[in-house]
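Close look at the chain arrangement
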Amino acid sequence: MATPLPHGVLLAFEGIDGSGKSTQARMFADWAELEGLEVVRTREPTQGPWGRKIREARFTARLSPEDELAAFIADRKEHVETLVRPALARGALVIIDRYYYSTVAYQGARGLDPQALLEMNRAFAPKPDLVLLVDADPKLCLQRIHARGEGQDLFENLEALTKVRAIFLSLVEPHVAVIDGGRSAEVVFDEVRARILAGPLQGLT
Ligand code: ADP
Ligand code: TYD
């Protein structure tokens with residue numbers, strides 16, 4: 001039987017595509033489950049109707065920045081109400097792969113105002129106890145993406161990811177840990193785990 005925490009804890013993994021955040025989220029979730037915690041793993045965009053619409057638009061016509069924003073917000077509202085808040089309320093450790101910092105960085109890179117995006121999200125979405133911002137050079141991230149066989153337009157992506165990364169790095173606050181994702185997954189994980197155990201899960205081990 002998994003152990004609930006005295007109160008729910010929300011960890012958000014963020015970073016540009018290919019930074020290794022999904023790998024780290026998975027490694028930490030596996031570790032926490034072995035420790036006997038009740039872990040809820042989730043991601044945005046979700047597998048719900050809005051998430052599906054967002055993914056489909058990638059392969060057809062790209063949505064305008066405003067329509068894209070509306071879809072990500074609708075997806076997040078549903079996700080927060082149906083899954084994230086109930087899990088936190090029963091004391092689970094919620095590990096989310098992408099959250100509202102991605103909206104600020106990606107929709108911000110498409111020209112929307114990052115500060116307004118942050119405020120709009122904070123009005124309805126619970127603030128994470130810790131954000132693990134996995135940061136890496138966009139060139140390295142694109143090499144990793146290409147290595148896994150997802151060919152994309154290199155130059156267009158390099159420019160866009162460079163903008164997205166700069167906005168992510170401008171979001172640093174005390175509850176945001178910037179982790180150098182340019183190292184091996186094991187070395188990155190040692191730091192991820194140490195930051196979480198020194199922060200929201202202090203006293204656990
Ligand atoms: P993201 O979720 O940020 O897009 P992934 O975790 O899916 O990134 O990793 C992208 C690719 O890079 C995957 O093929 C993964 O196996 C690999 N990868 C992840 N972390 C590292 C790392 N630290 N060093 C080298 N390759 C990595
Ligand atoms: P996804 O299929 O989850 O890709 P990845 O494995 O790289 O995370 O698609 C996520 C894409 O959507 C990614 O390019 C970032 C983007 N995104 C936004 O633009 N805004 C958002 O609010 C979120 C959550 C994601």
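Here the structure is a predicted model, which means the values were calculated and not measured. Along each chain, residues carry numbers from 1 onward, in the same order as the chain's sequence is written. Chains carry letters and ligands carry numbers; both start at the beginning, A for chains and 1 for ligands, and go up in the order they are written. Local features are withheld for residues below a pLDDT of 70 in this predicted model, meaning they are given only at 70 or higher, and side-chain atom pairs are given and counted only at 80 or more; totals for whole chains, interfaces and linings count all residues. For the side-chain quantities, the full set of heavy atoms in the structure was used; hydrogens and water were omitted.

Let us now look at the overall build of the protein. The secondary structure content of the protein amounts to eight helices and five strands. For helices the rule is a DSSP run of H or I covering at least 4 residues; for strands it is a run of E covering at least 2, with both sets numbered from the N terminus onward. The N-to-C order of helical and strand elements in the protein reads β-α-β-α-α-β-α-α-β-α-α-β-α. Computation of the radius of gyration draws on C-alpha atoms alone. For the globule rule, the value is 2.2 Å times the number of residues to the power 0.38. For 205 residues, the compact-globule estimate of 2.2 N^0.38 gives 17 Å, and the C-alpha radius of gyration of the protein, at 17 Å, lies within 12% of that figure. Its C-alpha atoms give the protein principal-axis dimensions of about 45 × 35 × 30 Å. Buried means the residue's accessible area, taken with a 1.4 Å probe over protein chains only, is under 20% of the maximum for its type, while exposed means over 50%, and partly exposed covers the values in between. Counting across all 205 residues of the protein, residues that qualify as buried make up 47%. Whether two residues touch is decided by their heavy atoms; if any such pair falls within 4.5 Å, the residues are in contact. Restricting the contact set of the protein to residue pairs at least 6 apart, pairs at least 24 apart contribute 79%. The accessible surface values rely on the Shrake-Rupley method and a 1.4 Å probe; as for residues, cover is taken only from the protein chains in view. Of the accessible surface of the protein, which amounts to about 10300 Å², a share of 55% is contributed by carbon and sulfur atoms. Averaging the locations of the 25 positively and 29 negatively charged side chains of the protein gives two centres separated by 1 Å. Positive residues here are Lys and Arg, negative ones are Asp and Glu, while His and the chain termini are left out of the count. Charged groups are reduced to one reference atom each: NZ for lysine, CZ for arginine, CG for aspartic acid, CD for glutamic acid.

Okay, the packing of aromatic side chains next. Each Phe, Tyr or Trp ring (for Trp, its six-membered ring) is paired with any other whose centre lies within 6.5 Å, and the angle between the two planes then decides the class: stacked below 30 degrees, edge-to-face above 60, tilted in between. In the structure shown here, the tally under the stated rule is five aromatic pairs. Pairing Phe28 with Phe189 gives two aromatic rings, centres 6.5 Å apart and planes at 50 degrees, and the pair type is tilted. Of this pair, Phe28 sits in helix α1 (residues 21-34) while Phe189 sits in helix α8 (residues 185-198), and the two are 161 residues apart along the sequence. Comparing Phe28 with Phe189 shows no difference in burial state: the two are buried. Taking the centre distance of 6.2 Å and the plane angle of 80 degrees together, the rings of Tyr106 and Phe168 count as edge-to-face. Residue Tyr106 is found in helix α4 (residues 100-109), and its partner Phe168 is found in helix α7 (residues 154-170); the two are separated by 62 residues along the sequence. On the basis of relative accessible area, Phe168 is assigned to the buried category, the value being 3%. Directly above the ring of Phe124 sits Lys77, whose terminal nitrogen or CZ lies 5.1 Å from the centroid. The rule for a charge over a ring is simple: NZ of Lys or CZ of Arg within 6 Å of the ring centre, and within 35 degrees of the ring normal.

In this structure, Leu10, Ile16, Tyr99, Tyr101, Tyr106, Val164 and Phe168 are the most contacted members of the largest nonpolar core, which totals 37 residues. Those residues within four positions of Val164 in sequence are excluded, and the remaining contacts are Ile16, Ala105, Tyr106 and Ala109. By nonpolar core is meant a set of buried Ala, Val, Leu, Ile, Met, Phe, Trp, Tyr and Cys residues that side-chain atoms within 4.5 Å join together. If you look at the next biggest cluster of nonpolar residues, it comprises 22 residues, including Ala29, Val39, Ile196 and Leu201.

Moving on: the site of ligand 2. The criterion for a residue being near a molecule or strand is simple. One of its heavy atoms has to lie within 4 Å of it. In the vicinity of ligand 2 there are 14 residues, among which Arg43, Arg58, Arg98, Thr103 and Gln107 approach most closely. Arg43 places a side-chain nitrogen or oxygen 2.6 Å from an oxygen atom of ligand 2. Out of a free accessible area of 550 Å², ligand 2 has 86% covered by protein chains. Contributions of two or more residues to the shell around ligand 2 are made by α2 (49-59), α3 (65-89) and α4. With four residues, the top contributor of residues to the shell around ligand 2 is α4. Definition of a polar contact: a pair of N or O atoms within 3.5 Å, with one able to donate and the other able to accept a hydrogen when the atoms are protein atoms, and with sequence-neighbouring residues admitted only if both atoms are side-chain atoms.

Our next topic: the pattern of salt bridges. Only one rule defines a salt bridge in this text: a Lys or Arg side-chain nitrogen within 4 Å of an Asp or Glu carboxyl oxygen. Enumeration according to the criterion identifies 15 salt bridges in this entry. Note that Arg122 and Glu173 form a salt bridge whose closest N and O atoms lie 2.9 Å from each other. Here Glu173 lies in the loop between α7 and β5 (176-180) and Arg122 lies in helix α5 (residues 114-122), a separation of 51 residues in the sequence. When its relative accessible area of 28% is taken as the criterion, Arg122 is described as partly exposed. Here Glu173 falls in the partly exposed class, since its relative accessible area comes to 25%. Connected through salt bridges with shared partners, the residues Asp180, Arg183, Glu191 and Arg195 form a single ionic network.

This brings us to the site of ligand 1. The local shell around ligand 1 holds 13 residues, among which Gly18, Ser22, Thr23, Arg148 and Arg183 are the closest. Separating an oxygen atom of ligand 1 from a backbone N or O atom of Gly20 is a distance of 3.0 Å. Thr23 is positioned such that a nitrogen or oxygen atom in its side chain is 2.5 Å from an oxygen atom of ligand 1. For the shell around ligand 1, the leading source of residues is α1, giving three residues. Under this grouping Gly is polar, as are all residues other than the nonpolar Ala, Val, Leu, Ile, Met, Phe, Trp, Tyr, Cys and Pro and the charged Asp, Glu, Lys and Arg. Tallied by class, residues from the shell around ligand 1 come to two nonpolar, six polar and five charged.

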